[in-house]
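# Overview (structure and organization)
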Amino acid sequence: MVSVLATGRGPGLEELLGEVARGDEAAFERFYDRVSGPVFGLIRRVLRDVAQAEEVAQEVLVEVWRTAARFDPGRGSALSWVLTMAHRRAVDRVRSAQAATDREERAARLDNDVAYDQVAEAVTNRLEGERVRRCLDGLTDLQRQAVTMAYYGGYSYPEVAGLLKVPLGTVKTRMRDGLVRLRDCMGVDR
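Reading the values: the criteria
- For every chain, the first residue of the written sequence is number 1, and numbering continues from 1 along that sequence.
- Local features in this predicted model are restricted to residues whose pLDDT is 70 or higher, and side-chain atom pairs enter the listing and the counts only when it is 80 or higher, whereas totals over whole chains, interfaces and linings include all residues.
- Calculated side-chain values reflect all of the structure's heavy atoms, with hydrogen atoms and water omitted.
- Here is the rule: rings of Phe, Tyr and Trp (six-membered ring for Trp) pair when centre to centre is within 6.5 Å. Planes less than 30 degrees apart are stacked, more than 60 are edge-to-face, and the remainder are tilted.
- Runs of E in the DSSP output that reach at least two residues are strands. Runs of H or I that reach at least four are helices, and both are numbered from the N terminus.
- Partly exposed describes any residue whose relative accessible area lies between the buried limit of under 20% and the exposed limit of over 50%, with all areas from a 1.4 Å probe on protein chains only and scaled to the type maximum.
- Simply put, an axis is a line fit to the C-alpha atoms, just over the touching stretch for a helix, and the angle between two N-to-C directions goes from 0 to 180 degrees.
- In this scheme, roughly parallel covers angles under 35 degrees and roughly antiparallel covers those over 145, while 65 to 115 is roughly perpendicular and the rest are oblique.
- When the near helix sits turned anticlockwise from the far one by under a right angle, the crossing is termed left-handed; a clockwise turn instead gives a right-handed crossing.
- Residues are treated as being in contact if the distance between any of their heavy atoms lies within 4.5 Å.
- The classification used treats Ala, Val, Leu, Ile, Met, Phe, Trp, Tyr, Cys and Pro as nonpolar, Asp, Glu, Lys and Arg as charged, and all other residues, Gly among them, as polar.
- Here the bend at a residue is taken as the angle between two axes, fitted respectively to the seven residues that end there and the seven that start there.
- Here a polar contact is recorded for every N or O atom pair within 3.5 Å, except that within protein the pair must consist of a potential hydrogen donor and a potential acceptor, and residues adjacent in sequence are included only if both atoms are side-chain atoms.
- To count as a disulfide, a pair of cysteine sulfur atoms needs to be within 2.5 Å.
- As used here, the arc is the angular range of directions from the helix axis to the C-beta atoms.

## With respect to the packing of aromatic side chains
Counted by the stated rule, this structure contains three aromatic pairs. Relative to Tyr32, the ring of Phe28 has its centre 6.3 Å away and its plane inclined at 55°; by these criteria the two rings are tilted. Residue Phe28 and its partner Tyr32 are located together in helix α3 (residues 25-47), separated by four residues, close to a single helical turn. With 5.3 Å between their ring centres and 65° between their planes, Phe28 and Trp65 make a pair best called edge-to-face. A residue pair is termed long-range when its members are at least 10 positions apart, and Phe28 in helix α3 and Trp65 in helix α4 (residues 50-67) qualify at 37 residues. Using a relative accessible area of 16% as the deciding quantity, one classes Phe28 as buried. Overall, the relative accessible area of 32% leaves Trp65 in the partly exposed class. Each residue in the set Phe28, Tyr32 and Trp65 is aromatic and connected to the rest through ring pairs, giving one cluster.

Have a look at this one:
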């Protein structure tokens, strides 16, 4: 790879980078042609997603254009400088994606909290239950038995009649009268 990049086809990467630092667009095109493959390959190995690798490679090469003047040949080769920049940017992208996933997981765990006030609902249910029991106590024995068996026991009218050993018509009448009295006691509008 390095031998292809350092062939005798014109100036070396360090010289091209110096020209890029002075704003030479043609030098940047030549520099780009020679390093874009290795930059993309490195990023692709870190990210594994082609679209993200392309995006990060573009960001790195734009950064090269903007910061070429910061390159110090005394600290290493131009290719090492660009590949180091590419690797750091790719790792940053992975860390950013992981941080976003972690935030979403934390938010999802927080969203599992009940969206209503459980205590208020429990108190309301208990008060309504007491009110229903108080209203049931105001019914006759046959009305209370018939309503309780039908609504709490899940029995049909004929089954209630059989269990109480009374005619079906009597059960229906007692149920109707009992439900009217419950409705009035509970304050339910028609």
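Having put the structure on the table, let's press on.
## Some details on the packing of helix α2 (residues 13-21) against α3
A pair of packed helices is captured by two measures, namely the crossing angle of their axes and the spacing between those axes. α3 packs onto α2 with a crossing angle of 140° between their chain directions and a minimal axis gap of 8 Å. In terms of their interaxial angle, α2 and α3 are classed as oblique. Crossing handedness for the pair α2 and α3: left-handed. In this structure, α2 uses Leu13, Leu16, Leu17, Glu19 and Val20 to contact α3, whose residues at the interface are Ala27, Phe28, Arg30, Phe31, Arg34 and Val35. Class assignment for the residues of the contact of α2 with α3 results in eight nonpolar, no polar and three charged.

## A closer look at α3
If you look at α3, its biggest bend is around 45°, right at Val35, and the proline Pro38 turns up within four residues after that. Those residues of α3 that fall on the buried side of the exposure criterion are Ala27, Phe28, Phe31, Arg34, Val35, Ser36, Pro38, Val39, Leu42, Ile43 and Leu47. The residue sitting at the N-terminus of α3 and contributing the capping side-chain oxygen is Asp24; that oxygen lies 3.0 Å from the backbone nitrogen of Ala26. Phi turns positive one or two residues past the end of α3, at Arg48, with a value near 70°.

## As for the state of the cysteines
For the coordinates displayed, the defined rule picks out one disulfide. Across the disulfide, Cys135 is cross-linked to Cys185 (sulfur-sulfur distance 1.9 Å). What sets the handedness of the Cys135 and Cys185 disulfide is the S-S torsion sign, and at about -80° it is left-handed. Here Cys135 is found in helix α6 (residues 118-137), whereas its partner Cys185 is found in helix α9 (residues 168-186), with 50 residues between them in sequence.

## Here's the deal with α2
Residues spaced three or four apart along an α-helix point in a common direction, a consequence of the helix completing one turn every 3.6 residues. All of the buried residues along α2 are Leu13, Leu16, Leu17 and Val20. Down the axis of α2, the sector holding all buried residues measures 100°, keeping them to one side. Looking one or two places after α2, you find Gly23, whose phi comes out positive at around 90°.

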